[in-house]
Amino acid sequence: MNIINIEHIAKIYTVGSEEVHALADVSLRIDKNEYVAIMGPSGSGKSTLMNMLGCLDTPTSGLYLFKDNNVSEMNDNDLARIRNKEIGFVFQTFNLLARSSALHNVELPLIYAGIPSEERKERATQALLSVGLGDRMHHRPNELSGGQRQRVAIARALVTKPAIILADEPTGNLDTKTGEDIMGLFAHLHDQGNTIILVTHEEYIAEHAKRIIRIRDGYIERDEFVTNRIIPKTKISVN
Amino acid sequence: MKELSFELKEGLIISFNALKANKVRSLLTTLGIIIGVTSVVLMSTAVKGIDEAFQTGVSALGSDNMYITKWSWFDNDVPWWEMRNRPEVIMDEYDQYKRMAKLPLATAPSAASQQTIKFGDSKIEGVTITGVTSDYIKTTNFTFAEGRFISETESDGARMVVVIGSEIAKQLFPNGGAMNKIIKIKSNKYKIIGVLDELGSWVMGDMNPDNQVFIPLDCVFKYYQNARGSITINIRAANSQQITIVKEEAQSIMRRIRGLRYDERDNFGINQQEGLLNEIDSTIGVVQIAGYVITGLALFVGAIGIMNIMFVSVKERTKEIGIRKAIGAKSVTILRQFIMEALILCLLGGLVGLLFAVILSMIIEKMDFPVSLQYDAFVLALLISLITGILSGFAPAYSAAKMDPVEALRYE
Ligand SMILES: Nc1ncnc2c1ncn2[C@@H]1O[C@H](COP(=O)(O)OP(=O)(O)O)[C@@H](O)[C@H]1O
Ligand SMILES: [Mg+2]
């Protein structure tokens with residue numbers, strides 16, 4: 001079943017009198033439990049595409065069906081609801097709330113989903129355990145390392161059991177070793193049945209996925225399955 | 001519904017965290033609200049207090065009373081030098097008036113003088129000594145803590161007896177036991193035969209019976225009065241409907257006694273509490289206007305301050321807004337969150353203002369100024385801070401709510 005189905009999507013930014021075609025004409029489908037990397041050089045339109053897929057932004061033209069619902073026709077509230085329930089974002093800069101504990105950060109999507117406090121705590125705790133942060137739940141982001149922060153962000157993305165996890169350069173701010181750990185975590189999440197879309201400009205990171213979509217100047221250049229997929233050595237220990 | 005309550009709780013947490021993170025800034029911002037609420041509560045308290053004090057005052061003196069005197073209390077049409085040149089009202093005129101007047105419930109002459117009174121080492125200066133006849137009490141609502149009023153024999157015989165007001169009693173005899181003691185007025189000795197209940201209030205000034213002593217009228221004439229024989233004629237009407245005709249009768253009798261021609265002005269004043277009422281109303285009016293102006297200005301400044309700080313807060317937290325939107329916060333959620341923050345800021349300001357007002361009104365009360373803290377003042381204070389919060393929070397909150405999530409997330 002297609003989770004994502006986009007046809008002839010374009011996104012045009014107008015800067016002064018100049019038009020920037022961040023996305024020129026993109027069509028693609030992504031199925032349940034896929035592990036896709038969106039690859040391309042800086043400025044090629046990766047983030048724009050990811051924001052579109054994550055319903056943070058709407059296309060200038062084209063059709064976007066999310067689970068057969070027409071996103072192009074949705075209003076702000078519907079988009080917020082989809083972001084809340086169906087999509088888990090992981091960002092390069094983690095984007096955690098600085099003043100809140102790890103637990104509260106992970107609880108946040110559940111608050112907006114209207115989940116009662118007890119269930120919220122339970123599920124957030126579970127999510128933090130599943131990324132190996134059971135002992136850091138009451139720490140604030142500034143008391144955590146980069147890798148730990150990214151794991152909190154991943155727990156936050158997971159906690160609503162979304163249809164897809166969207167990660168934009170998730171290892172971009174991490175050292176190689178920590179980046180490898182995070183890729184291990186994604187591999188594990190994929191094994192568990194999650195659908196993962198990864199944005200990166202690094203060939204090596206992209207090769208962890210099962211499918212690579214290469215984009216350049218707002219067009220899809222190539223879309224192929226990975227033959228020699230990298231399986232990370234370090235997998236997160238999960239109990 | 002469920003979502004809303006969680007969301008509001010989250011909003012509360014966020015707001016308090018934000019306030020905690022910017023304590024000084026928050027305090028400075030709410031200063032306007034604090035001042036505004038303090039002044040509105042103090043004003044309504046003072047107005048209420050003055051009003052209540054006046055009501056007790058009037059009822060102590062009797063609201064259906066009038067007073068014929070040389071001076072008109074509240075007449076601005078007659079210039080003061082003309083009043084000064086009027087003849088004194090004298091006992092002979094009182095006797096004639098009493099004979100002719102048919103309508104009053106009671107009449108009595110009185111004469112006042114300011115003197116120093118002493119008991120042992122205690123001394124009070126500038127006390128109003130009112131000389132009265134036994135009839136005087138019929139023109140008042142006096143009640144007694146102890147003893148009785150001056151009798152006919154005592155007033156006719158100018159006996160050295162005195163009835164003292166409650167405040168005088170308190171000052172000279174803090175431990176009680178005033179009855180039958182001998183006090184000195186100027187250099188003459190008087191026996192205390194009665195102590196009045198607490199009757200009057202601050203607003204009445206010299207007319208407050210609490211701060212007066214009463215002695216036989218002839219004693220005042222004999223020992224204290226400079227303007228020889230000058231009296232006040234105290235008149236009481238049976239009820240408020242009678243006031244006008246009693247007054248008209250008094251005016252025509254006095255004109256007859258004085259032999260005034262039809263084209264001559266009254267050369268006496270017939271005064272009523274009503275005059276005092278107008279005076280009090282204008283006092284209250286000034287307090288109210290001052291209060292409203294201060295309140296309005298303070299709240300306006302406060303609201304602008306809060307709006308400004310909220311805009312700063314929204315700007316500072318652009319990234320946070322982006323994050324919240326990315327994980328599913330709706331625009332209204334963000335809107336409510338920031339309005340709530342402004343609201344809490346204002347409510348805190350309002351509560352602090354209320355606290356100030358309560359403390360200040362307690363201090364003022366200690367200084368014997370009438371205050372009366374009202375429940376409506378509390379409600380008013382909270383309502384005002386609530387409305388200010390919503391009004392000043394809306395624009396910043398709206399700018400936060402309509403932020404584009406992608407732009408917001410990119411903000412550094
Ligand atoms: N808000 C915007 N306004 C104007 N141009 C933009 C905006 N966002 C992105 N772009 C432009 O669109 C192109 C694609 O950007 P982006 O999707 O961020 O690329 P990538 O993530 O692949 O580096 C770039 O040329 C960028 O400058
Ligand atoms: Mg990018």
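The residue numbering used here restarts from 1 in each chain and proceeds along that chain's sequence as written. Key to labels: chains lettered from A, ligands numbered from 1, both in the order written. Owing to the predicted nature of the model, reporting of local features is limited to residues with pLDDT of at least 70; listing and counting of side-chain atom pairs is limited to 80 or more, with chain, interface and lining totals taken over all residues. Think of the side-chain values as coming from all heavy atoms in the structure, minus any hydrogens and water.

Chemist: Can you help me understand the overall build of chain B in this one?
Modeler: Helix numbers and strand numbers start at the N terminus; a helix is a DSSP run of H or I with at least 4 residues, a strand a run of E with at least 2. Across its full length, chain B carries 13 helices and ten strands. Radius of gyration here is computed from C-alpha atoms only, and the compact-globule reference equals 2.2 Å multiplied by the residue count raised to the power 0.38. Expected size for 412 residues packed as a compact globule is a radius of gyration near 22 Å; at 32 Å, chain B overshoots this value by more than 25%. Along the three orthogonal principal directions, the C-alpha set of chain B runs to about 100 × 55 × 40 Å. Looking at chain B as a whole, 52% of its 412 residues are labelled buried. Per element, the accessible surface of chain B, about 19,800 Å² overall, is 59% carbon and sulfur. Relative accessibility under 20% of the residue-type maximum defines a buried residue, over 50% an exposed one, and the middle range a partly exposed one, all with a 1.4 Å probe and only protein chains included. Computed by Shrake-Rupley with a 1.4 Å probe, the accessible areas treat only the displayed protein chains as cover when residues are assessed.

Chemist: Explanation requested: the packing of aromatic side chains in the structure shown.
Modeler: The description of an aromatic ring pair rests on the distance of the ring centres and on the angle between the ring planes. For Phe, Tyr and Trp, rings pair up if their centres lie within 6.5 Å, where Trp contributes its six-membered ring, and each pair is then called stacked (planes under 30 degrees apart), edge-to-face (over 60) or tilted (otherwise). Taken as a whole and judged by the stated rule, the model has twelve aromatic pairs over all chains. In this structure an aromatic cluster arises from ring pairing among Tyr136, Phe142, Phe144, Phe149 and Phe214 of chain B.

Chemist: How should I be thinking about the site of ligand 1 in this particular structure?
Modeler: The cutoff for a nearby residue is simple: one of its non-hydrogen atoms must lie within 4 Å of the molecule or strand. The environment of ligand 1 is formed by 14 residues, the closest being Gly43, Lys46, Ser47 and Thr48 of chain A together with Arg410 of chain B. Chains contributing residues near ligand 1 are chains A and B. Think of a polar contact as two N or O atoms within 3.5 Å of one another; within protein, one of them needs to be a possible hydrogen donor and the other a possible acceptor, and neighboring residues in sequence only count if both atoms come from side chains. Taking Gly43 of chain A, its main chain carries an N or O atom lying 2.7 Å from an oxygen atom of ligand 1. Between ligand 1 and Gly45 of chain A there is a distance of 3.1 Å, counted from an oxygen atom to a backbone nitrogen or oxygen. Look at ligand 1: alone it shows 560 Å² of surface, and the protein chains cover 71% of it. Looking at the shell around ligand 1, the element that brings in the most residues is helix H1 (residues 46–53) of chain A, giving three residues.

Chemist: How should the domain arrangement of chain B be read in this particular structure?
Modeler: Interfaces are frequently sized by the accessible area removed from exposure as the parts join. Domain boundaries in chain B define domain 1 (2–57 + 278–410) and domain 2 (87–267). Of note, the centres of domain 1 of chain B and domain 2 of chain B, computed from C-alpha atoms alone, are 53 Å apart. Start and end points for every domain follow an automatic or database-based domain assignment.

Chemist: When you look at the interface of chain B and chain A in this model, what are you seeing that I'm missing?
Modeler: Whether two residues are in contact is decided by their heavy atoms: any pair within 4.5 Å suffices. With 26 residues of chain B at the interface, the matching set in chain A holds 28 residues. In this assembly, chain B packs against chain A so that about 2,300 Å² is buried in total across both faces, 60% of it on carbon and sulfur atoms. The working definition used for a salt bridge is a side-chain nitrogen of Lys or Arg within 4 Å of a carboxyl oxygen of Asp or Glu. One can count zero salt bridges joining chain B with chain A. The tally of links between chain B and chain A comes to five residue pairs in polar contact (both at pLDDT 80 or more). Elements represented by at least two residues in the side of chain B that touches chain A include exactly helix H1 (2–21), helix H10 (318–326), helix H11 (331–366) and helix H13 (405–410) of chain B. At nine residues, the largest contribution of residues to the side of chain B that touches chain A is made by H1 of chain B. When residues are sorted by character, Ala, Val, Leu, Ile, Met, Phe, Trp, Tyr, Cys and Pro go into the nonpolar class, Asp, Glu, Lys and Arg into the charged class, and all the rest, Gly among them, into the polar class. Residue composition of the side of chain B that touches chain A, grouped by class: eleven nonpolar, four polar and eleven charged. Put simply, buried area is how much 1.4 Å-probe accessible surface two parts lose in total, over both of them, once they are put together.

Chemist: Got a minute to help me understand the packing of helix H3 (residues 102–113) of chain A against helix H5 (residues 146–158) of chain A in this structure?
Modeler: In a pair of packed helices, the angle between the axes and the distance between the axes together describe the arrangement. Residues and elements named next belong to chain A. Interaxial distance between H3 and H5 falls to 8 Å at its minimum, and their mutual angle equals 30 degrees. Looking at the two axes, H3 sits roughly parallel to H5. Of the two elements, H3 crosses H5, and the hand of that crossing is right-handed. Across from Ala102, Asn105, Val106 and Pro109 in H3, the residues of H5 making contact are Val152, Ala155 and Arg156. Along the lines of polarity and charge, the residues of the contact of H3 with H5 split into five nonpolar, one polar and one charged. Orientation is described by lines fitted to C-alpha atoms, with helices fitted over the stretch in contact, and by angles between N-to-C directions that extend from 0 to 180 degrees. For classification, angles of less than 35 degrees are called roughly parallel, those exceeding 145 degrees roughly antiparallel, those between 65 and 115 degrees roughly perpendicular, and all remaining angles oblique. Each crossing gets its handedness from the near helix: less than a right angle anticlockwise from the far helix is left-handed, clockwise is right-handed.

Chemist: Would you explain empty space enclosed by the protein in this entry?
Modeler: Unfilled space is identified by rolling a water-sized probe across the atoms. Note on definitions: the grid is 1 Å and covers protein atoms alone; a cavity is a set of points where a 1.4 Å probe fits but cannot get out; a pocket is an open set with protein on both sides within 12 Å along at least five of seven lines; lining residues have an atom within 4 Å of a point. Grid points are joined across faces, edges and corners, and a volume is the space filled by probe spheres set on the points. All told, the structure shown has two cavities of 30 Å³ or more when counted by the stated rule. Each pocket or cavity is described by its volume, and for the largest cavity that value is around 60 Å³. Secondary structure elements with two or more residues in the lining of the largest cavity: helix H2 (76–85), strand E6 (87–90) and H5 of chain A. The leading source of residues in the lining of the largest cavity is E6 of chain A, at three residues. Partitioning the lining of the largest cavity into residue classes produces six nonpolar, three polar and two charged. Looking at the second largest cavity, the residues that line it are Tyr112 of chain A together with Glu7, Leu8, Glu10, Gly11, Ile14, Thr333, Arg336, Gln337 and Met340 of chain B. Mapped by element, the contributors of at least two residues to the lining of the second largest cavity are H1 and H11 of chain B. For the lining of the second largest cavity, the leading source of residues is H1 of chain B, giving five residues. By residue class, the composition of the lining of the second largest cavity is four nonpolar, three polar and three charged.

Chemist: Hey, could you run me through H1 of chain A in this one?
Modeler: Because an α-helix completes one turn every 3.6 residues, residues spaced three or four positions apart along the sequence face the same direction. Residues and elements named next belong to chain A. Counting buried positions along H1 gives seven out of eight residues, so the element sits mostly inside the fold. Among all positions of H1, only Lys46, Thr48, Leu49, Met50, Asn51, Met52 and Leu53 are buried. Directly after H1, the chain includes Cys55, whose backbone phi takes a positive value near 60 degrees.

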